[in-house]
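Secondary and tertiary structure notes
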Protein chains: 2
Amino acid sequence: MTTPMLTKNQSLVFDVLTKAEAPLSAYTILDKLRDQGFRAPLQVYRALDKLLEYGVVHRLESINSFVVCAHPHEDCHSHGLVAFAICESCGQVIEFHDHEVDHRLMDSLKSQKFKAEKSTIEIRGHCANCAA
Amino acid sequence: MTTPMLTKNQSLVFDVLTKAEAPLSAYTILDKLRDQGFRAPLQVYRALDKLLEYGVVHRLESINSFVVCAHPHEDCHSHGLVAFAICESCGQVIEFHDHEVDHRLMDSLKSQKFKAEKSTIEIRGHCANCAA
DNA sequence: TCGCACACGTTATAGCATAACGCAATTGAT
DNA sequence: ATCAATTGCGTTATGCTATAACGTGTGCGA
């Protein structure tokens, strides 16, 4: 999917996420955009929905937060699974793609005749800097 | 971890989850236990916390729900990653363990000096019965 | 110019999770 | 025996996450 021109709200949300050093929750984004006129959660969620659809933002299910895609020039949707390592100390996220893991998981599922559509792979722990 | 004797509330919650054919949210569990005297979410969440700690229940982050462990006699904590295939149509969950995926993911992370602690692998799609 | 699609704004509500208080039962060390 | 620590429990209140439902405006093709 190619990313169309972003609307004003989408750009604002995208910019906030781009500048953030860690994933942000929708409500944190809302707070950061109050000065720009944001008043309600839906303004954020609607923008996020589009950004997710375009593949330029990822949702981290395990922490109810959002990050910009680390590989904006590739197409995350197209090269299979995306995985995230999330540091519980500093919040930093490492995004990575692994076709081996991808294939292996898909094979497991195919043998059960399960049709995969969306995937969530999130590993929580501590990054190199934060590891005790 | 060996599972100690469950308390009354823990047993009630565990039984509800065991009888369910699909993952349940905490509030759904609460509703099912009102007749047994449950009145507040915390009664459910506290029981769930312990059941998760004992490894007899899993939390599905992507759908904010809980399921009993499908392999109660092994120790889910001990044999690495647990993965779930969740049918978006009927809700059924297939729990599986794959050491290959496990090792592969851990190797990727180790190369970045990331110390993994908890993992979430959830694939949403359609099971054999529900696939169009 | 009509109809449609889409973005947007607002209010209200639904759904998920935990903080903080107090009480009761258990255990185990002194 | 008793005191302190721990654990489970109940209750009230609150906070965080997400969406429903309504209406407005704008652009664009039939």
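Structure's up top.
A quick note: this is a predicted structure, and the numbers were derived from the prediction, not measured. Numbers given to residues run from 1 along each chain, matching the order in which its sequence is written. Ligands are numbered from 1 and chains lettered from A, in the order in which they are written. Reporting of local features is limited, given that this is a predicted model, to residues whose pLDDT is at least 70; pairs of side-chain atoms are given and counted only at 80 or more, and all residues count toward the totals for whole chains, interfaces and linings. Here the side-chain values reflect all heavy atoms present in the structure, with hydrogen atoms and water set aside.

Let us look at the pattern of salt bridges. Here, a salt bridge means any Lys or Arg side-chain nitrogen found within 4 Å of an Asp or Glu carboxyl oxygen. All told, the structure shown has 10 salt bridges over all chains when counted by the stated rule. Between Arg34(A) and Asp31(A) there is a salt bridge; the shortest N-O distance is 3.2 Å. Residues joined by salt bridges that share partners form a network here, namely Arg59(A), Glu61(A) and Arg124(B).

A word on the protein's contact with DNA strand C. The rule for a residue being near a molecule or strand is that one of its heavy atoms must lie within 4 Å of it. The immediate surroundings of DNA strand C are formed by 15 residues, with Thr7(A), Gln43(A), Arg46(A), Tyr27(B) and Arg59(B) found nearest. Close to the protein, within 4 Å, the atoms of DNA strand C belong to sugar or phosphate groups at a rate of 47%. Between N or O atoms, a polar contact is any pair within 3.5 Å; within protein, one atom must be a potential hydrogen donor and the other a potential acceptor, and residues adjacent in sequence are included only when both atoms are from side chains. At a separation of 2.8 Å, a base nitrogen of DNA strand C approaches a polar side-chain atom of Tyr27(B). Per the convention used, a helix needs a DSSP run of H or I reaching at least four residues, while a strand needs a run of E reaching at least two, with both numbered from the N terminus. Where the surface near DNA strand C is concerned, the elements lending two or more residues are α1 (8-19) and α3 (41-54) of chain A together with α3 (41-54) of chain B.

Inspection of the region around DNA strand D gives 15 residues, with Tyr27(A), Arg59(A), Asn9(B), Gln43(B) and Arg46(B) positioned closest. The sugar-phosphate backbone supplies 46% of the atoms of DNA strand D found within 4 Å of the protein. One of the side-chain nitrogen or oxygen atoms of Tyr27(A) is found 2.7 Å away from a base nitrogen of DNA strand D. In this structure, Thr7(B) approaches DNA strand D through a side-chain N or O atom, which is 2.8 Å from a phosphate oxygen.

A separate point is the interface of chain B and chain A. Contacts between the two partners involve 32 residues from chain B and, on the opposite side, 32 residues from chain A. Of all residues in chain B, Phe114(B), Ile123(B) and Arg124(B) give up the largest surface area on contact with chain A, accounting jointly for 19% of the area buried on that side. Note that Arg124(B) is salt-bridged to Glu61(A), the shortest N-O span being 3.7 Å. For the pair chain B and chain A, the number of links is 18 residue pairs in polar contact (both at pLDDT 80 or more). Only heavy atoms matter for contacts: two residues are in contact if any of them lie within 4.5 Å across the pair. In short, buried area is how much 1.4 Å probe accessible area vanishes from two parts on joining, totalled over both.

Taken as rigid bodies, chain B and chain A are interconverted by a rotation of 180° and an axial shift of 0.0 Å, the fit giving an RMSD of 0.1 Å. Viewed as a symmetry operation, the transformation between the two copies matches a two-fold axis. The position closest to the rotation axis in chain B is occupied by the C-alpha of Ile121(B), lying 2.2 Å away. A symmetric contact is evident, with 100% of the interface residues of chain B recurring at the interface of chain A. We superpose the copies by least squares over the C-alpha atoms of residues that have a pLDDT of at least 70 in both of them.

Next up on the list: the nonpolar core. Put simply, buried Ala, Val, Leu, Ile, Met, Phe, Trp, Tyr and Cys residues joined by side-chain atoms within 4.5 Å make one nonpolar core. Throughout, exposure labels follow a simple rule: accessible area from a 1.4 Å probe, protein chains only, divided by the maximum for the residue type, with under 20% read as buried, over 50% as exposed, and the rest as partly exposed. Core analysis: the biggest nonpolar cluster contains 26 residues, and Leu105(A), Phe114(A), Ile121(A), Leu105(B), Phe114(B) and Ile121(B) have the highest contact counts within it. For this core, the secondary structure elements donating two or more residues are β3 (83-87), β4 (93-96), α4 (99-110) and β5 (115-126) of chain A together with β3 (83-87), β4 (93-96), α4 (99-110) and β5 (115-126) of chain B. In this view, Phe114(A) contacts Leu109(A), Ala85(B), Ile86(B), Cys87(B), Ile94(B), Ile123(B), Arg124(B), Gly125(B), His126(B) and Cys127(B); residues no more than four positions away in its chain are not counted.

In an α-helix, one turn spans 3.6 residues, which is why side chains three or four residues apart end up on the same side. Helix span is expected to be 1.5 Å times the residue number reduced by one. Between its first and last C-alpha, α4(B) extends 16 Å over 12 residues, near the 16 Å set by a 1.5 Å rise per residue. Regarding α4(B), the residues found buried are Val101(B), Asp102(B), Leu105(B) and Leu109(B). Along the axis of α4(B), the buried residues cluster in a sector spanning 105°; they form a single face. Among the structural elements, β3, β4, α4 and β5 of chain A together with β5 of chain B are those in contact with the buried residues of α4(B). The arc in question is formed by the directions pointing from the helix axis toward the C-beta atoms.

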